[in-house]
Amino acid sequence: QKEVEQDPGPLSVPEGAIVSLNCTYSNSAFQYFMWYRQYSRKGPELLMYTYSSGNKEDGRFTAQVDKSSKYISLFIRDSQPSDSATYLCAMNGVSGNTGKLIFGQGTTLQVKP
Amino acid sequence: DARVTQTPRHKVTEMGQEVTMRCQPILGHNTVFWYRQTMMQGLELLAYFRNRAPLDDSGMPKDRFSAEMPDATLATLKIQPSEPRDSAVYFCASGLYTSGANVLTFGAGSRLTVL
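Values in this document were obtained by computation on a predicted structure and should not be read as measured data.

S.K.: Looking at this structure, I do not really get the interface of chain B and chain A. What am I missing?
M.R.: Interface size is commonly expressed as the accessible area that is lost once the parts come together. Taken together, the contact pairs 27 residues of chain B with 23 residues of chain A. For the chain B face of the interface with chain A, the top three residues by lost area are Leu 43, Ala 101 and Phe 106 of chain B, together amounting to 22%. Our enumeration of links across chain B and chain A arrives at 1 salt bridge. Of the charged contacts, one joins Asp 56 of chain B and Lys 100 of chain A as a salt bridge, the two residues approaching to 2.9 Å between their closest N and O atoms. Here chain B and chain A share 8 residue pairs in polar contact (both at pLDDT 80 or more) between them. Where the side of chain B that touches chain A is concerned, the elements lending two or more residues are β4 (31-38), β5 (42-50), β6 (53-56) and β10 (104-106) of chain B. Of the residues forming the side of chain B that touches chain A, the biggest block, 5 residues, is contributed by β5 of chain B. Counted by class, the side of chain B that touches chain A contains 15 nonpolar, 8 polar and 4 charged residues.

Structure below.
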């Protein structure tokens, strides 16, 4: 079983929809949770990150972490065709093998005009 | 903008040949990661360096893969001998890690095809 699980999709939504992307994880040592976006034939780029449990908002994007359930989410409001990409969750801990960043498989999102 | 530079961008080779991929991390970053991405497996961690020291290479097939950082401006990933199952996109990423989030900047990737 992988340390980080993410449904690869694909997920197809109409423009303007609210998108929910999710990951589950098994390692309780993870404390930092990130979302990366990857456009086709490009490297991943950081969208946002959160520490421990709670919410963080950045424009149309909201990241949520529920450490008790080992579950993280990324919400995209008013989705746009330019949001069409693969979204990867990633996480690292601060003890043991410090800073080792583990990624989920990525969810492919298509936003249709 | 500072960027991570990877070479080559594309490589087609025959089974059994040696392949070397190179990465120039961002100046001042202290961590370097090598990942392999395929449709089936997603992003798999191959090797992780901090301050040029290897911290983790548990995801790397040791019999054919090797990763090094001969100096702070160069990281290399070598496959010898290459096999068709090594066909993938290989990403190098660098970051400045202290004790918090390990925020990485990725290169554009090296797309490897082994025939």
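S.K.: Would you mind going over the state of the cysteines with me for this structure?
M.R.: By definition, a disulfide links two cysteine residues through a covalent bond between their sulfur atoms. Residue and element names in this part refer to chain A. According to the stated counting rule, one finds 2 disulfides over all chains in the structure shown. Each sulfur in the disulfide pair Cys 23 and Cys 89 lies 2.0 Å from the other. When the S-S torsion is -105 degrees, as for the bridge of Cys 23 with Cys 89, the disulfide is left-handed. Here the residue Cys 23 occupies a position in strand β3 (residues 19-25), and Cys 89 occupies one in strand β9 (residues 85-93), the gap between them amounting to 66 residues.

S.K.: Help me out: how do you make sense of the side chain of Asn 92 of chain A in this one?
M.R.: Topologically, Asn 92 of chain A is positioned in strand β9. In terms of polar contacts, Asn 92 of chain A uses its side chain to reach the backbone amide nitrogen of Asn 102 of chain B, at 3.0 Å. Setting aside anything within four residues of it in sequence, one finds Asn 92 of chain A in contact with Phe 30, Gln 31, Tyr 32, Met 34, Gly 99, Lys 100 and Leu 101 of chain A together with Tyr 97, Gly 100, Ala 101 and Asn 102 of chain B.

S.K.: Please explain the pairing of β3 of chain A as it appears in this structure.
M.R.: The two faces of a sheet get side chains in turn, since along a regular strand they alternate between them. Residue and element names in this part refer to chain A. Of the two faces of β3, the one holding Val 19, Leu 21, Cys 23 and Tyr 25 is buried and the one holding Ser 20, Asn 22 and Thr 24 is not buried anywhere. Here 6 bridges tie β3 to strand β8 (residues 71-76), and the two strands are oriented antiparallel to one another. The residue bridging Thr 24 from the neighbouring strand is Tyr 71, located in β8.

Cut-off values and rules
- Residues numbered from 1 in each chain as written.
- Chains lettered and ligands numbered in written order.
- Predicted model: local features only at pLDDT ≥ 70, side-chain atom pairs only at ≥ 80, totals over all residues.
- Heavy atoms only, no water.
- Contact = heavy atoms within 4.5 Å.
- Buried area = accessible area lost by both parts, 1.4 Å probe.
- Salt bridge = Lys/Arg side-chain N within 4 Å of Asp/Glu carboxyl O.
- Polar contact = N/O pair within 3.5 Å; in protein donor to acceptor, adjacent residues only side chain to side chain.
- Helix = DSSP H or I, 4+ residues; strand = E, 2+ residues; numbered from the N terminus.
- Nonpolar A, V, L, I, M, F, W, Y, C, P; charged D, E, K, R; others polar.
- Disulfide = S-S within 2.5 Å.
- Buried < 20%, exposed > 50% of the residue type's maximum accessible area, 1.4 Å probe, protein only.
- Pairing = 2+ DSSP bridges.

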